[in-house]
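Analysis of the macromolecular model
The lines below spell out each chain.
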Amino acid sequence: MAKAAAVTAGKDLLKGLPVIRPETHGRHSVLDRMALQIRKKFGTTEGFADRLGLSTQELLVLYYEPEYSLRPAQQPPDMVSAEYARWRTWFLLGGRGAGKTHAGAASVVREAKVDPEARILIVGPTYTEIQKNQLEGPSGILTLAPPWFRPEHLKSKKQLVFPNGVKADYLPAADADKFRGYGYTFEWLDEVVAWKKDPVAVFTECGRVGRGTSSRMRRLGLSSRKVITTTPAPTELFREILKQRRGLVLSRSSTLDNSAHLDDDYALQALDAKKSPIGRREFWGELEFDLDPALFRGVDWNASRVKPKDAPSVFDFIVVGLDPATGEKKGADMHGIVVVGVRREADGRDHAYVLADFSLKSPEPAAWAKKAVAALKAWEPHAKKDGGGRPRAWIFAETNTGGSMVTATLHTLAKVKVLTERARNSKAERAAPVSMLAAAGLVHMVGKHDKLEEQLSKFTGAPGGHARDDRVDAMVWPIYKHVVKMRRNVGAAGDAQQPTDSVEEEAGDAAP
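The notes below deal with the structure included here. Bear in mind that the values here come from a model prediction, so they are computed numbers and not experimental data. (Residues numbered from 1 in each chain as written. Predicted model: local features only at pLDDT ≥ 70, side-chain atom pairs only at ≥ 80, totals over all residues. Heavy atoms only, no water.)

1. Concerning the overall build of the chain
Helices and strands together make up the secondary structure of the chain, namely 20 helices and 16 strands. Considering only intrachain contacts with a sequence separation of at least 6, the fraction spanning at least 24 residues in the chain is 70%. In the form shown here, the chain has an accessible surface area of approximately 23,500 Å², with 50% of it arising from carbon and sulfur atoms. (Helix = DSSP H or I, 4+ residues; strand = E, 2+ residues; numbered from the N terminus. Contact = heavy atoms within 4.5 Å. Areas by Shrake-Rupley, 256 points an atom, 1.4 Å probe, with all protein chains shown as cover.)

As structure tokens, this is what we get:
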């Protein structure tokens, strides 16, 4: 009954809200539509400006003013339809890489331009994220603002000042008390899914300080407004946002809506993501409140299982995932050791093959090192060789707890290649995209791995799972690092099959 109630509550929150989506409001920006018309009439877009009779000034405006490159789902509601002219909250739910930041930054530039009395607040997860993404990134305000309206960035004051005098303050969503005393006419709240410290209190305070008005707003009957751009998540904050229905307009956009600006492999991964609830949320911008907390429970491993005799004999590279117990908890002596092979198949996708689970319990500190080295020696003949004739195989370990001890212990036994990384996200955040790939049939169990599969069926990524998640974490890390596609701009250097570019190597005495 509790589950049914949760489902109903989630559906009721979305029911009846106006939604701007590509299927109903179009997929193309003004520039896109102009280019499509030229191509339809002349068979090419060459000579775009001449064919439209644009002056140099008009061409510069089209190029630099961000509003002309916005798809309908990226446009503030009043730009889409007159019926939304008095919107109060614009809630843009988009997949990763869907152009949410671009939309939010463009809305700030537009507001500063049309209302010289505007007082703007910019909120993001942290100061670093605000500056890196919302201000200075490829879709940030300082990048998108046209040269003749680019604001001055006063870092000491945490403020942007536009040429017409409009000021935009920025604050991280860390302490609700920091917002007190202000009065803003316009707010941009970005990636609320990543607000970690009491997000509901911060959002509530944003509502309280969003009380400003201006001559233009009074003339047009407008209230202060919020733009919220984020990947969705079934959290209490999202429920709170959706409860405030007066003047609330939703926009939905998927990663694929913006595929022209994304790496091909990343777009392909987004297409595969539709096969899982997590994927539909992360890449298709769908908000569901009834998600199974066990991330892999919905995966049908039998559908993608490969018999050992039918498994590939050679892989592009092989990784021994290592999650050694380091004594942080009494009895936490299970060492996760899982072998994963990766290869690009005929469908153009990287597939991960779980080849062996050598996880063990042992009070002997170096037992895990012996087993990991033995696993690498056993499987490296099945890995392709690099330009120097060496097998593309290595041991990978997280170093948050063990630090350099992991590498040092392995190198006392053998000169093997070891790659390590310090985790900057949670187990659940790493496992979610892996479960998405598994649901799409891109992660294969070679044979049966009963104990690992049992752990996977119960895995939630909740804190304190060291003694129960060891096998899962050892399996997830190699796939997360080397198969999950991170967003890259079109034309980014590097082959998707080169797996070591972002991993910190601590080879020590390892063979080159």
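What follows continues from the structure just given.
2. Section: the sheet that holds strand 3 (residues 119–124)
What the nine strands build is an open sheet, ordered 1-9-2-8-7-3-6-5-4; its pairing is mixed. Only two strands of the sheet have a single partner each, and these edge strands are strand 1 (19–20) and strand 4 (152–154). In terms of strand pairing, strand 5 (residues 159–161) meets strand 6 (residues 167–172) through three bridges, oriented antiparallel. Note on strand 6: the bridge partner recorded for L160 is A168. Strands in contact with helix 7 (residues 100–114) are strand 2 (89–94), strand 3, strand 7 (186–190) and strand 8 (225–230); relative to strand 7, the strand with the most contacts, it is inclined by about 165°. (Pairing = 2+ DSSP bridges. Axes fitted to C-alpha atoms, helices over the stretch in contact; angles between N-to-C directions.)

3. Considering the nonpolar core
The biggest cluster of nonpolar side chains holds 37 residues, and the ones touching the most others in it are F296, M475 and I479. Looking at this core, the elements that each hand over two or more residues are strand 10 (317–323), strand 11 (334–344), strand 12 (350–357), strand 14 (393–398), helix 18 (427–439), strand 16 (443–445), helix 19 (450–458) and helix 20 (466–482). When residues no more than four places from it in sequence are discounted, the contact partners of F296 are W301, A431, V434, S435, L456, F459, V472, M475 and V476. (Core = buried A, V, L, I, M, F, W, Y, C linked by side-chain atoms within 4.5 Å. Buried < 20%, exposed > 50% of the residue type's maximum accessible area, 1.4 Å probe, protein only.)

4. Some remarks on helix 18
The end-to-end C-alpha distance of helix 18 is 18 Å, a good match for the 18 Å that 13 residues give at a rise of 1.5 Å each. Among the 13 residues that make up helix 18, 10 are buried, leaving the element largely enclosed by the rest of the structure. The set of residues buried in helix 18 consists of K427, R430, A431, A432, P433, V434, S435, M436, L437 and A438. Positive phi appears at G441, one or two residues downstream of helix 18, with a value of about 80°. (Expected span 1.5 Å × (residues − 1).)

5. Considerations on the packing of helix 10 (residues 199–209) against helix 12 (residues 236–243)
It is at 9 Å that the axes of helix 10 and helix 12 come closest, and there the two elements cross at 25°. Classed by the angle they form, the pair helix 10 and helix 12 counts as roughly parallel. The element helix 10 and its partner helix 12 pack so that their crossing is right-handed. In this structure, helix 10 contributes P199, V200 and F203 to the contact, and helix 12 contributes E236, L237, E240 and I241. Residue classes in the contact of helix 10 with helix 12 are distributed as five nonpolar, no polar and two charged. (Parallel < 35°, antiparallel > 145°, perpendicular 65-115°, else oblique. Left-handed = near helix turned anticlockwise from the far one by under 90°. Nonpolar A, V, L, I, M, F, W, Y, C, P; charged D, E, K, R; others polar.)

6. Looking at the pairing of strand 15 (residues 418–421)
With burial as the criterion, each face of strand 15 is covered, one bearing V418 and T420 and the other bearing L419 and E421. When strand 14 meets strand 15, the two strands line up parallel, connected through four bridges. Bridge pairing in strand 15 places I395 opposite V418.

7. Considering empty space enclosed by the protein
Following the criterion strictly, the structure yields two cavities of 30 Å³ or more and no others. Here the largest cavity defines a volume of roughly 110 Å³. Taken together, D265, L268, Q269, D272, R344, G348, R349, D350, L437, L442, V483 and K485 make up the lining of the largest cavity. With four residues, helix 13 (residues 264–272) is the single largest residue contributor to the lining of the largest cavity. A breakdown of the residues in the lining of the largest cavity according to their chemical character gives four nonpolar, two polar and six charged. For the second largest cavity, the calculated volume is near 40 Å³. What lines the second largest cavity is simply P22, G26, R27, R71, P72, A73 and D257. (1 Å grid on protein atoms, 1.4 Å probe; cavity = no way out; pocket = protein on both sides within 12 Å on 5 of 7 lines; lining within 4 Å. Points joined across faces, edges and corners; volume = space filled by probe spheres on them.)

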